[in-house]
Amino acid sequence: MGADFSRARGSESRFSHWLRRRPKPQQGDADGSARLALLLAVAEAGMPIAPAAHPVGYRCSCERVGCPTPARHPISFAWQTQSTTDRAQIERWALSQPQANFITATGMIHDVLDVPLSAGTQALERLLAAGIDVGPVARSGDDRMLFFTATRGTPEDEDEWWPCELDCHPETMDEHPGLRWHCRGSYVLLPPAMLPGELDVHWVRGPENPLPDPLTLLETLTDACARFVGSAEQSDVDHESVAWPMGR
């Protein structure tokens, strides 16, 4: 009996240890199902997606020291060819990587107009009030808003168009406080996504909304961004004019 008891205790101990070692998904079944449904809705709208890093506290799951865009970049360097709308592949990714964020590769089916949050909020109100068709819109963290549009494709005159590489070179992002146009060669983080600091990326208008031509939104967005940049620059001037005498 003692030997049987010891074997039973040993089996129980190994089983408990195995349970403790099993990876625990960040989300519950309900949240995981909702996440998968949102990802599949994006794929059904024709927008290709691929897995991305996720936050680990305030760090990035890629474990790169000083990662410049924690939880905002693809897992694979081959993200452009890996991106897909295949339902089975997306389900496999979502189930096997329950904490992963996802990116969507732009410039094939859709582009994204990426603007400061305050400018985007004002522009969205103006566009809807004017009866202009606005497609999917997402809020990214606490500082950006993403307007999803149909892609302009590749024009005959390459000098009239350019690939947006801002996400591929994140050190340049602070140099572009206004509008960023994500087209060929770029990507954006896709809702639903989690960011460090308990921030997230979520839909304001979902992917069920048809993708509009970007030119129908561009004037309003650029105007709102110009106002945003102008007010930010004026705020800096006002701050310096007040703070400088105090500093002396």
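Above this text is the structure in question.
Residues numbered from 1 in each chain as written. Predicted model: local features only at pLDDT ≥ 70, side-chain atom pairs only at ≥ 80, totals over all residues. Heavy atoms only, no water.

J.: Help me understand the sheet that holds strand β10 (residues 193-195) in this model?
T.: Adjacent strands of a sheet pair through backbone hydrogen bonds, lying either parallel or antiparallel. Read from one edge to the other, the open sheet built from six strands follows the order β8-β5-β7-β6-β11-β10, with strand pairing classed as antiparallel. Each having just a single partner strand, β8 (180-182) and β10 make up the two edges of the open sheet. The average undirected angle you get between the axes of adjacent strands in this sheet is 25°. The strands touched by helix α5 (residues 117-129) within the sheet are β5 (110-116), β6 (137-140), β7 (144-150) and β11 (199-205), with β7 carrying the most contacts at an inclination of about 45°. (Pairing = 2+ DSSP bridges. Helix = DSSP H or I, 4+ residues; strand = E, 2+ residues; numbered from the N terminus. Axes fitted to C-alpha atoms, helices over the stretch in contact; angles between N-to-C directions. Contact = heavy atoms within 4.5 Å.)

J.: Help me understand the packing of aromatic side chains, please; the structure alone is not making it clear to me.
T.: Any aromatic ring pair is given by two values, namely how distant the centres are and how the planes are angled relative to each other. The full count for this structure, using the stated rule, is three aromatic pairs. Ring centres 4.8 Å apart and planes at 75° place the aromatic pair Trp79 and Tyr187 in the edge-to-face group. On the criterion of sequence distance, the pair formed by Trp79 in helix α3 (residues 79-82) and Tyr187 in strand β9 (residues 187-190) is long-range, its members being 108 residues apart. Ring centres 6.4 Å apart and planes at 50° place the aromatic pair Trp93 and Phe102 in the tilted group. With relative accessibility at 9%, the residue Trp93 sits in the buried group. Given a relative accessible area of 1%, Phe102 falls into the buried group. (Phe/Tyr/Trp six-rings, centres within 6.5 Å; stacked < 30°, edge-to-face > 60°. Buried < 20%, exposed > 50% of the residue type's maximum accessible area, 1.4 Å probe, protein only.)

J.: Would you mind showing me how to read the pattern of salt bridges here?
T.: In a structure, side chains of opposite charge can pair up when their charged atoms sit close to one another. A full pass over the atoms with the stated rule returns six salt bridges. Between Asp114 and Arg144 there is a salt bridge whose closest N-O contact spans 2.7 Å. Note that Asp114 is positioned in strand β5 and Arg144 in strand β7, a separation of 30 residues in sequence. Look at Asp114 and you get buried, because its relative accessible area is 5%. Classification of Arg144 as buried rests on a relative accessible area of 8%. Across the salt bridge formed by Asp114 and Arg180, the nearest N and O atoms sit 3.6 Å from each other. Of this pair, Asp114 sits in strand β5 while Arg180 is found in strand β8, placing the two residues 66 residues apart along the sequence. (Salt bridge = Lys/Arg side-chain N within 4 Å of Asp/Glu carboxyl O.)

J.: Help me understand the sheet that holds strand β4 (residues 101-105) in this model?
T.: On the basis of which strands lie adjacent, the open sheet formed by three strands has the order β1-β4-β9 and antiparallel pairing. The open sheet is flanked by β1 (49-52) and β9, the only strands paired with a single partner. Averaged over neighbouring strand pairs, the angle between their axes works out to 35° when direction is ignored. Where β1 lies against β4, four bridges are found, and the strand directions are antiparallel. When the bridges of β4 are listed, Ala50 appears paired with Ile103. Packed on one face of the sheet, helix α4 (residues 87-96) meets β1 and β4 and runs near 15° to β1.

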